[in-house]
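Tertiary structure, described
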Amino acid sequence: MPFAITQTCCTDASCVSVCPVNCIHPAPGEPDFGTTDMLYVDPRTCIDCGACADACPVDAVFPVERLSASLAGYAQLNADFYANRPVSAAIEGESPMFHDWQQPAFTRTLPADMAPLDVAVVGTGPAGMYAAQDLLLHTSSRVTLLDRLDTPGGLVRFGVAPDHPSTKRIGESFARFHRHPRVRMRLGTEVGRDITADELARRHDAVVWAVGAPAPKDLDLPGAELPGSIAADTVVGWYNGHPEVPADAVDTSVSRVVVVGTGNVAIDVARVLTAPPADLAGTPVAPHALAALRAGAIREVVLLARGGPDAIAATAPELRELLGRSGVDVLVDEHDPRIAESLDGPAAGDAHGLLRGAAREKIDWSVPAERPRVVFRFHSAPERFEGAVRVQGVQTVDGTAIPAGLVVRAVGHRGRPVPGLPFDDDRGVVPNDSGRVEGRPGHYVVGWIKRGPSGGIGTNRGCAAETVGALLDDAVAGRLPDRASRPSPVHSMLQRLGRG
Ligand SMILES: Cc1cc2nc3c(=O)[nH]c(=O)nc-3n(C[C@H](O)[C@H](O)[C@H](O)COP(=O)(O)OP(=O)(O)OC[C@H]3O[C@@H](n4cnc5c(N)ncnc54)[C@H](O)[C@@H]3O)c2cc1C
Ligand code: SF4
Ligand code: SF4
């Protein structure tokens, strides 16, 4: 029986490099790799060796016969990806086993006499860790890893939902590198507050900025500042035990929550807030959040979207999981004729196609939900948040009033300016060329601060490979700032500051 890739795939392609028959696609370098939600195993050519399952950092790969009921559909989904793609016999006389696709290459060639580099990596989220991993595995560089928080991991630790423990497990594979003999960890050290970018640069050959895109995008609407209107990051930080989010940041005494947005973060919030607490017990959910959800009254989350179902922002795996849950209804509010037109028409993508399987109903918002439910309301952007002293509901552009005690703004993120580096205010990123910061030799960016807030954990692997490639090219070509002028290493300085 072949293997199949399932919901938690983060497209880091670790499985691709170990598959002996090249049957996992799209692979790095192939046209769809940058946009795919997940990778797929070709069941026609899989030889059942299990190497992919061993290599997968998030437990996304299983033998088809061992798929749980909720993941069973992934066997067909993997097969469907290859439905119109032929296999060909690459070796004459042998059975068709190899694809015409080329084997992916994961190599890095450097001069044998290259001196070890001292590189500072600012941020221990996926982008910083993939960059550090690339440097440690392919060069003799020494890496200083800095993070403003005392706990490393970035959004793997404080973003990924607690009911996705296998996705969180990728943090364990990153943590192996925290203990690498050529790594110095400097946690609780905020660059810009505890040490300047210039000081850091003077003490290293290069600085790789992997600081993410931590600022929630604003919703400039009347009432957005009312108590009870909160950013999705607050909810996410609350259920993940982020040290800067108070334990009482989310009011769970309300019965209906409106979430503005339909992206993966909006779906995470809807799923966790409506989850039976028993399902969250035993996950890494913050104890205060679990206790508040147990004692709370949330029965319904309404997801508001400006566009129609064909413009849903969530990826297919997230939506499939939401639709497959038992005990929580998922409905589309059929308040507008365009919704049926869209859902009965051709699928504009995998997620749109999945939505066509959801129940539809014209919702009466004056009636509280009888059973726990998540409702998608399309063509219904918020116009203002209602309430005198705290949020009591949302008025939508189509003239509907939806009573709600909590409104969560999940409309995306943007980067924050990094002191000492240029900043593109329109895109919310540090302007760069393949990771090289414009006009600042020796400074590089990777991850969400480099390309903007899109792409899952694994996307940062290829992104880091490009940035580290640029850094090493510059090192080989002598384009890094002069090493001879460096004063003492950063840890001595931080020790003087009492943070070493
Ligand atoms: C809520 C949420 C849930 C997600 N869930 C998933 C998921 O389930 N699966 C998936 O594949 N992808 C998921 N993603 C996407 C994934 O988390 C991102 O692709 C990834 O985290 C981006 O990595 P990064 O390293 O650029 O940023 P981050 O992960 O944000 O890391 C940035 C790090 O830099 C540190 N830092 C910032 N400024 C400084 C400074 N000045 N000095 C020192 N340190 C600093 C921060 O503390 C942080 O540790 C999710 C994203 C969000 C927002
Ligand atoms: S089980 Fe082996 S052959 Fe099949 S996809 Fe995984 S690595 Fe490739
Ligand atoms: S998470 Fe990575 S290793 Fe696991 S299936 Fe997806 S691409 Fe392969």
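Residues numbered from 1 in each chain as written. Chains lettered and ligands numbered in written order. Predicted model: local features only at pLDDT ≥ 70, side-chain atom pairs only at ≥ 80, totals over all residues. Heavy atoms only, no water.

Notes on the site of ligand 1
- Around ligand 1, 31 residues are found, and the nearest of them are D147, L155, W448, G455 and I457.
- A distance of 3.4 Å separates an oxygen atom of ligand 1 from a polar atom in the backbone of G154.
- At a separation of 2.9 Å, an oxygen atom of ligand 1 approaches a polar backbone atom of W448.
- Tallied by class, the residues present in the shell around ligand 1 amount to 14 nonpolar, 13 polar and 4 charged.
- Residues from two domains meet in the shell around ligand 1; each of domain 2 (118-214 + 414-496) and domain 3 (219-411) gives at least three. (Near = heavy atom within 4 Å. Polar contact = N/O pair within 3.5 Å; in protein donor to acceptor, adjacent residues only side chain to side chain. Nonpolar A, V, L, I, M, F, W, Y, C, P; charged D, E, K, R; others polar. Domains from an automatic or database assignment.)

Considering the pattern of salt bridges
- Inspection of the entire model under this criterion finds 27 salt bridges.
- D329 is the partner of R371 in a salt bridge, and the nearest nitrogen-oxygen pair spans 2.7 Å. Of the two residues, R371 is situated in the loop between β14 (359-361) and β15 (373-377) and D329 in strand β13 (residues 329-333); the sequence distance between them amounts to 42 residues.
- As a salt-bridge pair, R436 and D474 come within 2.9 Å of each other at their nearest N and O atoms. (Salt bridge = Lys/Arg side-chain N within 4 Å of Asp/Glu carboxyl O. Helix = DSSP H or I, 4+ residues; strand = E, 2+ residues; numbered from the N terminus.)

Some points on the sheet that holds strand β17 (residues 393-396)
- Reading across the sheet, the 3 strands line up as β16-β17-β18 and stay open at both edges, with antiparallel pairing between neighbours. Here the strands that pair on one side only, and so sit at the sheet edges, are β16 (382-386) and β18 (401-403). Looking at each pair of strands side by side, their axes are set apart by 20° on average, direction ignored.
- By the bridge criterion, 3 bridges tie β17 to β18 in an arrangement that is antiparallel. Within β18, the position partnered with G393 by the bridge is P403. (Pairing = 2+ DSSP bridges. Axes fitted to C-alpha atoms, helices over the stretch in contact; angles between N-to-C directions.)

Digging into the packing of aromatic side chains
- On inspection of all chains with the given rule, the structure shows 4 aromatic pairs.
- With a centroid separation of 4.4 Å and 10° between ring planes, the pair formed by Y40 and F81 is classed as stacked. Of this pair, Y40 sits in strand β3 (residues 40-41) while F81 is found in helix α3 (residues 73-81), placing the two residues 41 residues apart along the sequence.
- Accessibility expressed as a relative area gives 7% for Y40, which makes it buried.
- Ring plane angle 5° and centroid distance 5.8 Å describe the contact between F376 and F378, whose orientation is recorded as stacked.
- Pairwise contacts between aromatic rings join Y40, F81 and Y82 into one cluster.
- The ring of Y74 has R320 lying over it, and the distance from NZ or CZ to the ring centre is 5.1 Å. (Phe/Tyr/Trp six-rings, centres within 6.5 Å; stacked < 30°, edge-to-face > 60°. Buried < 20%, exposed > 50% of the residue type's maximum accessible area, 1.4 Å probe, protein only. Lys NZ or Arg CZ within 6 Å of the ring centre and 35° of its normal.)

Observations regarding the packing of helix α9 (residues 232-239) against helix α10 (residues 264-274)
- Following both chains from N to C, one finds α9 and α10 inclined at 50°, their axes separated by 10 Å at the closest point. The orientation of α9 with respect to α10, classified from their angle, is oblique. The handedness of the crossing between α9 and α10 is left-handed. Across the interface between the two elements, A232, V235, V236, W238 and Y239 of α9 pack against V265, D268, V269, V272 and L273 of α10.
- Partitioning the contact of α9 with α10 into residue classes produces 9 nonpolar, no polar and 1 charged. (Parallel < 35°, antiparallel > 145°, perpendicular 65-115°, else oblique. Left-handed = near helix turned anticlockwise from the far one by under 90°. Contact = heavy atoms within 4.5 Å.)

A short note on the pairing of strand β11 (residues 256-260)
- A large share of β11 lies buried, amounting to 5 of its 5 residues.
- Burial along β11 is two-sided: R256, V258 and V260 facing one way and V257 and V259 facing the other are all buried.
- Note that β11 and strand β12 (residues 300-304) share 5 bridges and pair parallel. Bridge pairing links V260 to L304 in β12.
- As paired elements, β11 and strand β19 (residues 406-409) share 4 bridges and run parallel to each other.

A word on the sheet that holds β12
- In space, the 7 strands of this open sheet follow the order β10-β19-β11-β12-β15-β13-β14, with parallel pairing throughout. The sheet is open, and its two edges are formed by β10 (229-231) and β14, each paired on a single side. Put simply, the sheet's adjacent strands are angled 25° from each other on average, direction ignored.

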